[in-house]
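Observations on chain architecture
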Amino acid sequence: MRFFYSLLYSILWWLALPLVLGRLWWRGRKEPGYRLHLGERLGFYGPRPESRLTIMVHAVSVGETRAAEPLVEALLARWPGCRILLTHMTPTGRATGRQLFGKHGDRVIQSYLPYDTGFMVGRFLHHFAPKIVILMETEVWPNLIAACGAYAIPVALVNARLSERSLQRGRRFGGLMMEAARGITLVAAQTGADAARIRSLGAPDVAVTGSIKFDVVPPEAALQTGAMLRAGFAGRPVLLCASTREGEEALILDALRRMQRPQGMLLLLVPRHPQRFDEVARMVEERGFSLARRSSLQPLNTAQVDAEVLLGDSMGEMFAYFAACDCAFIGGSLLPLGGQNLIEACALGKPVLVGQHTFNFLQATDEAVAAGGALRVADADALLREAAVLLQDAARRDAMGARALAFAGHHRGATARTVELLQRFID
């Protein structure tokens, strides 16, 4: 039966490949990066890199790439002669990796992970010959894991999380997902609940290490950019709505029209996906708000923001946006989308607001709320009401921000625990 599921999965991949490539080309209309490096996605590469201890880290998109930063830096420091092969599935993830790790030169190389067919992943593993394959968070690819088993390459799933909803979805694929789970050499889970769910799929070696995201250090350059943005706000109270998803911006903007706003309030709106920047800009203007765009604020040290809404249409500046705001709402949580990571906001001592739908980051969010550093809101109107209270009450805002900072500091150390577990496979 397991062989049947595996064969069916591979056949479906080959049948879907024309549609997958067509969708890739279609998305390339708005994001040209999707049309680059197509050969890598199909398992074709240039000359083989020089023989060297190679540690593969797969970080699918922007969030996973930023989360991987402490781990990549720790691996480079622990094994000075190694090379990191950083793989992605999206051009924004690849661009983020280049931005974060370009300083390391050829010690960090990048590639797209090929589509999950035996032929393509086999070519990939033969070309790069990694000593270990490290997958970030939720990236379980059955044929890649099976091929690693055939090549005797250990597979580690680190910073691993698995919601109850994802577990039920995985169980629908029964034998396929359980076979993949059994093929993972090591799992370093974020929480005990994540570990229990992953064990239930059959993973043989599961440890709880905490979330590596708590170990991310705000870059000094981002803090300086945030300070310059802040200076341009000229003392205005600032609500940041970060990593908003489709459908949420309309809810927030409509609630903003209905509310009695604090004097001079600025809404800093940062959609999660860059292809939606222009769409969100149109939403703002259609509702009659004056709009400024981050991309037009040059030079920063003289830029003044007089608009009611500032659109954060830039990549890699989330820490700067957190540094520049007074309080932050974390998107993906007003609608049943699972939420996003609130740790970066907490690490900068910002009071955090979240919606009801945070199942992808449930324990971290619940713990931040319990610690008093975050607050759940029922809907967009409640979000704007609570934000208005915080923006007008400096003492309450500072106390909540201090609790958020303490919460983030309390959970550091997952990177060191993860590297310790990986050591036996790399040495």
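Everything below is about the structure shown above.
Not measured: the values here are computed from a predicted model. (Residues numbered from 1 in each chain as written. Predicted model: local features only at pLDDT ≥ 70, side-chain atom pairs only at ≥ 80, totals over all residues. Heavy atoms only, no water.)

**Observations concerning the overall build of the protein chain**
What counts, and what does not: Each helix corresponds to a stretch of at least 4 residues labelled H or I by DSSP, and each strand to a stretch of at least 2 residues labelled E; elements are numbered beginning at the N terminus. Atoms counted for the radius of gyration: C-alpha only. Globule rule: 2.2 Å times residue count to the power 0.38. Relative accessibility decides the category of a residue: with a 1.4 Å probe and only protein chains considered, values under 20% of the type maximum give buried, values over 50% give exposed, and everything between is partly exposed. Note on definitions: a residue-residue contact is assigned when non-hydrogen atoms from the two residues lie within 4.5 Å. What sets the accessible areas is the Shrake-Rupley method with a 1.4 Å probe; for residues, cover comes only from the shown protein chains.
Looking only at helices and strands, one finds 18 helices and 14 strands in the protein chain. Its C-alpha radius of gyration of 22 Å places the protein chain within 12% of the 22 Å reference for a compact globule of 427 residues. The principal-axis extent of the C-alpha atoms belonging to the protein chain is close to 65 × 45 × 45 Å. Counting only residues that meet the buried cut, the protein chain has 55% of its 427 residues in that class. In the protein chain, 70% of the contacts between residues at least 6 apart in sequence involve partners at least 24 apart. Accessible area for the protein chain stands at about 17,900 Å²; split by element, carbon and sulfur atoms hold 56% of it.

**So, the state of the cysteines**
Quick reminder of the rule: Cysteine sulfur atoms that pair up within 2.5 Å are treated as a disulfide.
Tallied over the entire structure, the rule returns 0 disulfides. The structure places no disulfide on Cys148, whose sulfur is separated from the nearest cysteine sulfur, that of Cys82, by 17 Å. Take Cys148: its relative accessible area is 0%, and that puts it in the buried class.

**Examining the sheet that holds strand β5 (residues 155-160)**
Inclusion rule: DSSP bridges decide pairing: two strands pair if at least two such bridges lie between them. Fitting a line to C-alpha atoms yields each axis, with helices limited to the stretch in contact; the angle taken between N-to-C directions then spans 0 to 180 degrees.
Reading across from one edge, β3-β2-β1-β4-β5-β6-β7 is the order of the 7 strands in this open sheet, with parallel pairing throughout. Each edge of the sheet is formed by a strand with only one pairing partner; in this case those strands are β3 (108-112) and β7 (206-208). Here the strands of the sheet are splayed against their neighbours by 20° on average, with no regard to which way each runs. The pairing of β5 with strand β6 (residues 186-189) spans 4 bridges and is classified as parallel. In the strand pairing of β6, Leu157 is matched with Val187. The strands that helix α9 (residues 192-200) touches are β5, β6 and β7; relative to β7, the one it contacts most, it runs at about 170°.

**Re the pattern of salt bridges**
Inclusion rule: One side-chain nitrogen of Lys or Arg within 4 Å of one carboxyl oxygen of Asp or Glu is enough to make a salt bridge.
Scanning the entire structure with this criterion turns up 23 salt bridges. The closest approach of N and O atoms between Arg257 and Asp254, which form a salt bridge, is 3.6 Å. Placement of both Arg257 and Asp254 in helix α11 (residues 248-258) is noted, with a separation of 3 residues, approximately one turn of the helix. Taking relative accessible area as the criterion, Asp254 reaches 22% and is therefore assigned partly exposed.

**Concerning a nonpolar patch on the surface**
So the rule is basically this: Nonpolar side chains (Val, Leu, Ile, Met, Phe, Trp, Tyr) within 5 Å and like charges within 9 Å form the patches, drawn only from residues with over 30% relative accessible area and no salt bridge.
On the surface, a nonpolar cluster with roughly 450 Å² of combined accessible area is contributed by Leu7, Leu8, Ile11, Leu12 and Leu15. With respect to the helices, strands and loops of the structure, Leu8 is situated in helix α1 (residues 2-27). Residue Leu8 is classed as partly exposed on the basis of its relative accessible area, which comes to 35%.

**Let's talk about the environment of Asp326**
The criterion, for reference: The term polar contact refers here to a pair of N or O atoms within 3.5 Å; inside protein, the definition further demands a hydrogen-donor-capable atom paired with an acceptor-capable atom, and it admits residues adjacent in sequence only when both atoms are side-chain atoms.
Positionally, Asp326 belongs in the loop between α13 (318-324) and β12 (327-330). By relative accessible area, Asp326 is classed as buried at 12%. Separated by 250 residues in sequence, Asp326 and Leu76 have C-alpha atoms that sit 35 Å apart. Beyond its immediate chain neighbours, meaning those up to four positions away, Asp326 contacts Arg230, Arg236, Pro237, Val238, Lys350, Pro351, Leu391 and Arg397. Within the structure, Asp326 has its side chain in polar contact with the side chain of Arg230 (distance 2.8 Å). Looking at Asp326, its side chain comes within polar contact range of the main-chain nitrogen of Val238, at 2.8 Å.

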